[in-house]
Amino acid sequence: MPKIKSNAGCFVRNPNFVKPESDEDENDSDSGVSTDVPIEKKKPVEKRKNKVKDGNKAKKMKSDKLTLDEINEIRETEDLYHSNLFRMQIDETLKEVSLKNKEKEFITKWIATLRKFLNKLHSEDLTHLLKSKDYPLKFKPMEDEKKLQIDYHPPKSLDVYGSFSIDTNIGNKSIVDVLLVMPNSSLKHHDYLNQTFIHKKCLYLLHIAMKLREKETLGGNIRIENFKNDPLKPVLMIDAEDFNIAINAVPPEDFFKLNRFIPKTNNIKLKKGEESVVPTPHYNFEILFDCVIEKNQKMIANEIGSHENVKNAIKLLKIWTHQRQFDSGFHPFNGFIITCYLLHLLRVKKIYPTMSCYQIIRLFWNQFGQSKFDEFGISLCSDKNLPNQPEIQDFFNFYDMVLIDSSGYCNILSMLSVDLYRRVRSESLNAIKMLDNKSINSFHQLFMTTIPFYIQFDQIVVIKYDEKSYHNIIERKASSDEKIDFHNFSFPLIRKLVMSVMRRGLGDRVNFLVPLSDERSNELSIGMILNPENALNIVEKGPQANEPEAEGFRKFWGAKAEIRRFKDGSITESVLWCSANAPFGEKRLISHKIVAFLLSHHFNIISNKINFIGDQFDVVIKNIFNEMIETIEERSLIAIRSFDEVSKELRSLNDLPLEIVSVLGTDAIFRYADVTPPRANAYIGNKKQKLKTNFRAQKVLNGIIQLSPSGKWPDDTDAMRRIKAAFYIEIEKRMSSEFPKTKVHISSDFIDILKNKLVYRLKIVHPKEIALAKEEISKTNNLTKLYRTNEESLRLEVEGTILPKLTSSLHGLHHQCPSFGPTAAMAKRWLYSQMIDSFLWPDEVTELIVAYMMLKNIPMSNSLQPQTGFFRFLHQIANFNHETDMIVVNFNDELQDEQLEEIERKFQKNRNHFPSLFIVTSCDFQNYAIWTSKAPSVNILHRVKLLAQHSIKLIEESFMKLNTGVVKDIFTPSLVGYDLLIDLNQEFVKRHDVVLHNFTNFKAIKYEEKGAPPAGVNFVEKFLNEVREAYDDFAVFFYNPIGGSKIAMLWKPSVHETREFSASQVNGCKLVNGRLRVNVEAIIKDIEIIGQGLITTVEILNEI
Amino acid sequence: MAIVEKLGEYNVLPLLYDESADESTSHSLFLKKYRSDKKSMDKPVGKTLTVLNIPPYVTEVNLERIFSTVGPVEKVTLIDSYSNEHHLKYQVPSEFFNQRQPFKFKIGFIVFKKSDSVEIALRLESLPPLNNDKDVLLTGVEKWTEEYNKQIVDTSEMQTEIDFYMKHYDKVKNSETIEDEGDDEWITVGKKGQNAGFKQKESVISKLEQKIQNQKKRAKSLSNFYTFELRDSKKQQLLELRKKLEDDKLKIMSIKQKRKFKPY
């Protein structure tokens, strides 16, 4: 705290910083800048004193003398923390999440009241509550009523425990754990057997709940819930003000003998009187955990309670796990595990209490990333000679992972899924990587960004709950021992069985297979993160047919297993999933096929009981011809390959005056990011029609030609243009003689080439053009020629050098991360469908944002499934703070750190000089901000952000049952709120053979059989260009370039104003009482005039 | 007939699209006498009429027809803003290489043959409509079709035109260079012609200046020679550190103001 205060002075010295938005700040500027005015308005007297001190400090700073404190603080930060910024962000966040004193007092008082209340309750027999309809446990008691008999007596003790008691609680709507120690008189010493304790505990809590409901003063919504989603762990939940208070009832310490619970003992006896030897390790854990809570609590409080930095680190780590949702669901990775592990690290002296919390979290991640709970196990118990104490190895016989608590009997990781553990482990390593990456604000990514499930996993399998099929699984697959161990609650067993089959079946196709939270039901959902290297393998290769393992393979894969001979000569058992030349879209879904097969083969779960989430949104980048799977990659690939042929032919032309050095593509298709890559269906047209045609093609693909350098180019743009045209003529001649199969047609400014039924439109670019465009005579001496970047020169530079470089970089990126192209295409399609076309939001901006996320692994390592990539894009847009952050797309780290720092500094200093969305790339050639200088505007940015937030909400709501309806909702624009709707003549609306054609109905509209339009003709685009050029000051036009049949228009606010007459402001205006007002009526008429023949109707929605 | 609105020296007249068009949906043209201190052959003062707020689709030809009702028109020039005026350069008329006109509201200069025409024009109460039976204003699909068709060129015709142009261009260029090269020893850099003036990039100039500066400095100073200098430089380093700290604090404050520290 004092650190922040001591800087009040520095704010004063930077009056620019004061934002006039809030009234507090206005006060600041009113009262003058010379005196010391702290930012906060409400301040207690105590702070005022500080103010005076600060004032002195400010003066000291001015006199350039550094106080010792300051020097120390600066040095300390450099040494102990990542950076100043990081440290301050940590401080701010901790301040935000930590509980206020007022809140702590409230809880203490609340507990005291409850204690009093419970002590006053009369003793009575509670057994009758078993038959009450409120009784929350759904399973039948194993014992008769006599054994379940319980009397109410006031609890032995009642107190807060867990995070609240050691002050590591986070968040405002936080759960306060309260530990109620049941009185000895209510329990019997054999209650640990056959779930008796669970029922008794439940009865006890239910009784309290009913009594509290009568009273109603302690809080509302009193209910019994399952702790960690485990029905064997009922807790009493009470909402009191901002807190959820969870009361857990436990037996008194040492009431049950702990050695009754060592893993191999049996505590569930199905047959009366018989001494069973079947171990029940999981049941034992459920009871044991309650018995040792107090003990563990004491240990944690003793060893961590006084170490402020360790507690802060725990808070940060809890935020980190919470943001990744590791702490939700059935027995999740929670704060208790973090705390125990940190305690272990303290003990083995990997961390010290004197370390800064930054150092502690860093070491935690480092150590946890290398931990091997599933192989070695750790014990927090210092006593080695307890009666019957099991060895670590004994635990491994029954549990996947081992972390033994202070009592020496309880393995706190008993129920944690090993898959979740592995996932957390890998994310820890990721976190370290992110800390080391200078060019992103890692703090924001690590702690401030929520990473929900739908952006974590490539694919998710949801197995719907169905009692019969769940029962079936148990019957078919579970061993009789397991059935006893998981008696009355088989969900964890099913999860274990399904996971193990899936793990084996998917093998190295997946990096992670994680069971997800399932708050609502017993629905089992499993998230998959695919391994990009193996996930697309079409064959599952098994053991050689004559080896003994072959039998197991055949059994596992059933009828799918076949004996195949491979190219390397081996003959093995194998499973083939799809043909080798299947499209990428299909290959990405092999994992789906495998899962569906395994679930039905092993568990008899039929496909309509399975929801598979992963390819729902692929529909927007599919085409309507190849019904099922073909996504844009295949077509892009065809276009790129044939472009390479064209390029080769052009470069081989010999007798040109200047050699053709390179032919480069600039179209989105060369970056695999074209939403509607053309079909190869172009042909030679007819010149005699009204609209003369050389070629007919769905789309022309743009590229550039670079010639070998020469000093002989003229110094005049007009002459240059003519020389280039002469070149086109020359190229046409040579091509038609040397490669007669490739058809060439030229125009004055480009050359069209028809190859493999695709049309490429190429232009010659020359650096001299750019130089000529920059030329400008100096105004100072009228002699020196200056070279200044201007709009025209930038346009040429983008076309000639920047875009080709970006295209090849992104092309490379796609080969690294094969989901780049389809993801970017999906994102673009989404923007289009919201009527935001490339004029309002340039296509390249979308691509660059996707590239940024992929290069930086934001929010986590790249997904293979474009749908997940698309969700991440939406998430990024929805949460991106464009005011303070910039996007750096640094291919191959071409931009140096110093350069980036420099840009960043400028950006922070003069935010207003930069576009609303600032993107720096290593392809800019120092023309920073080139991509977003014109668009998107602030308004469009906000709109897109809003749309993204809304889409995210829709996805979130229906995530586990995503279907085409959701896709349609997200890809359908709202036409509400516009001022004008312009209906277009369908004849001129460009046809695209993609599904979801115009979003009015979901059926695909077939491409007209008439054939392709003349190459490069698009009247709607012409119209939009004209109206946008003419009326940009007055209105914004919205259009979906993929089959949109309407253009929407919105007036800019300026049209409502009148202004003083001036000759420069007269455009588009009329006189109203001697003042100028925008002539709205005439502009609407103009739109009709400009769009003659194209527009059918203009509908005015809002009269001005 | 509408009342002619006046505003200062401007006459405001509606420009109807065609006979049937309504005045309320028409743009207003602002007419005034052309004034300038400079004498110009292009726009002789007294014979020239300035017209403001010409809709984007109106061409020189349209305006010439409209104003020829007042008196014979010598020439019509359209620019999209005053600041772009000096960029206009003479274009060789061409079948294939026409510069694209910006599609914006424009300022027009109508040069009449007779000087009294300007006065008459300013007394007009209405203008003839843009479209009449004889000439049709080309917009929309018709216009774009024509534009598209123009792209499809006859190669040999284009080649001839290019050859002709380049011949002329080379001739002009050659004559300049011959003029300049008075002596074999050097090339005079003149103020006229294609290669007028020095070509120096701004960046080059600033680099040169920097270099001179640096040379001066280097000759004089010896850094960190005295202990006090050493101390000062250390202090300077710390100050920079502190400055960075302060910058960071500002950043934090700005993030904080947006309430970005609530993780959920």
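Everything quoted here is computed from the prediction, not taken from an experiment.

A.B. asks: Please clarify how the sheet that holds strand β29 (residues 1058-1059) of chain A should be interpreted in this entry.
C.D. replies: In any sheet, the strands associate via hydrogen bonds between backbone groups, in a parallel or an antiparallel arrangement. Residues and elements named next belong to chain A. Pairing in this open sheet of 3 strands is antiparallel, and the strands run β29-β31-β30 from one edge to the other. If you trace the sheet from one side to the other, it starts and ends with β29 and β30 (1069-1072), each paired once. As paired elements, β30 and strand β31 (residues 1075-1078) share 4 bridges and run antiparallel to each other. Its bridge partner lying in β31, Leu1071 is registered against Leu1076.

A.B. asks: Help me out: how do you make sense of the pattern of salt bridges in this one?
C.D. replies: One side chain can pair with another of opposite charge once the charged atoms of both are near each other. All names here are of chain A. Counted according to the given criterion, the structure contains 47 salt bridges over all chains. Its salt-bridge partner being Asp674, residue Lys699 comes within 2.9 Å of it at the nearest N-O pair. Taken together, the residues span a long stretch of sequence, with Lys699 in the loop between β17 (695-696) and β18 (700-707) and Asp674 in the loop between β15 (660-665) and β16 (683-684) at a distance of 25 residues. The shortest N-O distance in the salt bridge between Arg761 and Asp752 comes to 2.8 Å. Each of the two residues, Arg761 as well as Asp752, counts as buried.

A.B. asks: Mind showing me how you'd approach the side chain of Thr921 of chain A here?
C.D. replies: Residues and elements named next belong to chain A. With respect to the element layout, Thr921 can be found in strand β25 (residues 919-921). Take Thr921: its relative accessible area is 1%, and that puts it in the buried class. Setting aside its immediate chain neighbours within four residues, Thr921 contacts Leu848, Val889, Leu895, Tyr928 and Trp931.

A.B. asks: Help me out: how do you make sense of the confidence of the model for chain A in this one?
C.D. replies: Any segment with low pLDDT has predicted coordinates that should not be analysed in fine detail. Residues and elements named next belong to chain A. Confidence along chain A averages 80 in pLDDT terms, with 87% of residues attaining 70 or more. Confidence drops under a pLDDT of 50 for residues 1-64, and excluding neighbours within four residues, the segment shows 67 contacts in the predicted structure. Segment residues 997-1009 is flagged for pLDDT under 50; beyond a separation of four residues in sequence, or across chains, it makes 32 contacts in the model.

A.B. asks: Would you mind going over the nonpolar core with me for this structure?
C.D. replies: Across soluble globular proteins, nonpolar side chains show a tendency to be buried alongside one another. Core analysis: the biggest nonpolar cluster contains 258 residues, and Trp365, Phe447, Trp830 and Trp841 of chain A have the highest contact counts within it. Top contributing element to this core by residue count: helix α10 (residues 281-304) of chain A, with 11 residues. The contacts of Trp841 of chain A, once residues within four sequence positions are left out, are Leu831, Ile836, Thr846, Ile849, Ile877, Leu917, Ala935, Pro936, Ile940, Leu941 and Val944 of chain A. Counting 77 residues, the second-largest nonpolar core is a separate cluster that includes Phe1023 of chain A together with Ala21, Tyr57 and Phe112 of chain B.

A.B. asks: Even after reading the chapter, I still don't get the side chain of Gln834 of chain A, so can you show me in this structure?
C.D. replies: Mapped onto the fold, Gln834 of chain A is located in the loop between α28 (820-833) and α29 (843-855). The residues contacting Gln834 of chain A, other than those within four sequence positions of it, are Leu947, Ile970, Phe971, Thr972, Pro973 and Tyr978 of chain A.

A.B. asks: Teacher, can you tell me more about the pairing of strand β2 (residues 175-181) of chain A here?
C.D. replies: Looking along a regular strand, one sees side chains alternate from face to face of the sheet. All names here are of chain A. Counting buried positions over the 7 residues of β2 gives 6, a clear majority of the element. The pairing of strand β1 (residues 157-160) with β2 spans 4 bridges and is classified as antiparallel. In the strand pairing of β2, Asp159 is matched with Leu179. The pairing of β2 with strand β5 (residues 243-250) spans 7 bridges and is classified as parallel. If you follow Val178 over to β5, its bridge partner there is Ile247.

How each quantity is defined
- All chains use their own residue numbering, which begins from 1 and follows the written sequence.
- Each chain gets a letter, beginning with A, and each ligand a number, beginning with 1, in the order they are written.
- With the structure being a predicted model, the display of local features is reserved for residues of pLDDT at least 70 and the display and counting of side-chain atom pairs for 80 or more, all residues being used for whole-chain, interface and lining totals.
- Excluded from the side-chain calculation are hydrogens and water; included are all heavy atoms of the structure.
- In this description, strands pair whenever DSSP reports at least two bridges between them.
- Strands here mean DSSP runs of E at least two residues long; helices mean DSSP runs of H or I at least four residues long; both are numbered from the N terminus.
- Criterion for a salt bridge: a side-chain nitrogen of Lys or Arg within 4 Å of a carboxyl oxygen of Asp or Glu.
- Relative accessibility decides the category of a residue: with a 1.4 Å probe and only protein chains considered, values under 20% of the type maximum give buried, values over 50% give exposed, and everything between is partly exposed.
- Residue contacts are counted whenever heavy atoms from the two residues lie within 4.5 Å of one another.
- The quantity called pLDDT is the predictor's confidence in a given residue, expressed from 0 to 100.
- By convention a nonpolar core is built from buried Ala, Val, Leu, Ile, Met, Phe, Trp, Tyr and Cys residues, the set being connected through side-chain atoms within 4.5 Å.

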